[in-house]
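The chain contents come next:
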Amino acid sequence: TSFFRLAILLFLLALFATAGGQSAAAQDNRMIVCLLPLEHADAEQLVTVLTPLLSPQGTITAYPPTNTLIIRDRASLVQKLVKVIKGPSSDSNN
């Protein structure tokens, strides 16, 4: 389906963007894309809530057919947003 094609394209873009020997600080500032399927929240509603938390270069989009958020921003910020969205139980899974 088109969603899986989009997911593969975004994965490849993220893979090429992170290639090379970067320092830890540089990797935290690199732009990444995260696909986050949601089970207990509406992706379209979260876009409105989370958009003000992004950097000026960041974007967040909802993909309604699978209730998925597509977040593109600095790695450190995306990781923080994912932790907030998933809640405290996600710490034990990582």
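Residues numbered from 1 in each chain as written. Predicted model: local features only at pLDDT ≥ 70, side-chain atom pairs only at ≥ 80, totals over all residues. Heavy atoms only, no water.

Some words on the overall build of the protein
Selection rule: Here a strand is any run of E in DSSP of at least two residues, a helix any run of H or I of at least four, and the numbering for each starts at the N terminus. The buried label applies to any residue whose accessible area, calculated with a 1.4 Å probe on protein chains only, is under 20% of its type's maximum; exposed applies above 50%, and partly exposed to all values in between. Should any heavy atoms of two residues lie within 4.5 Å, those residues are counted as being in contact.
In terms of regular secondary structure, the protein is built from 4 helices and 3 strands. Ordered by position from N to C terminus, the α and β elements of the protein give α-α-β-α-β-β-α. Evaluated residue by residue, the protein yields a buried proportion of 33% over its 94 residues. Residue pairs at least 24 apart in sequence account for 57% of intrachain contacts in the protein once pairs closer than 6 positions are excluded.

Things to note about the sheet that holds strand S1 (residues 31-37)
We count it as follows: At least two DSSP bridges between two strands are required for those strands to pair. Axes, fitted as lines to C-alpha atoms, cover a helix only where it is in contact. Angles between the N-to-C directions of the axes lie from 0 to 180 degrees.
One open sheet holds the 3 strands; their spatial order is S1-S3-S2, and the pairing between them is antiparallel. In this open sheet, the two edge strands, each paired with only one partner strand, are S1 and strand S2 (59-63). Each neighbouring strand pair of the sheet contributes to a mean axis angle of 15°, computed without reference to strand direction. As judged from the 5 bridges shared by S2 and strand S3 (residues 68-74), these two strands associate in the antiparallel manner. Its bridge partner lying in S3, Thr59 is registered against Arg72.

As for the layout of surface pockets
Basically, it comes down to this: Think of a 1 Å grid over the protein atoms and nothing else: a 1.4 Å probe that fits but is trapped marks a cavity, an open set flanked by protein within 12 Å on at least five of seven lines marks a pocket, and residues with an atom within 4 Å of a point count as lining. Grid points are joined across faces, edges and corners, and a volume is the space filled by probe spheres set on the points. Under the scheme applied here, ten amino acids are nonpolar (Ala, Val, Leu, Ile, Met, Phe, Trp, Tyr, Cys and Pro), four are charged (Asp, Glu, Lys and Arg), and all others, including Gly, are polar.
Taken as a whole, the largest pocket holds about 200 Å³ of empty space. At the level of elements, S1 and helix H4 (75-86) are the ones that each hand at least two residues to the lining of the largest pocket. Partitioned by chemical class, the residues of the lining of the largest pocket number 6 nonpolar, 1 polar and 2 charged.

Thoughts on the pairing of S2
What you see with S2 is a clean split: Ile60 and Ala62 sit on the buried side and Thr59, Thr61 and Tyr63 on the side with no burial. Hairpin connection between S2 and S3: a loop of 4 residues separates the two successive antiparallel strands, and Asn67 in this loop has a positive phi of roughly 50°.

Observations regarding helix H3 (residues 43-50)
Note the cut-off: What the arc covers is the set of directions going from the helix axis to the C-beta atoms.
Within H3, burial applies to Ala43, Leu46, Val47 and Leu50. For H3, the buried positions fall inside an angular range of 110° around the axis, keeping them on one side. Facing away from the buried side of H3 by more than 90 degrees, the exposed set consists of Gln45, Thr48 and Val49. Structurally, H3 contributes buried residues whose contacts are with S2, S3 and H4.

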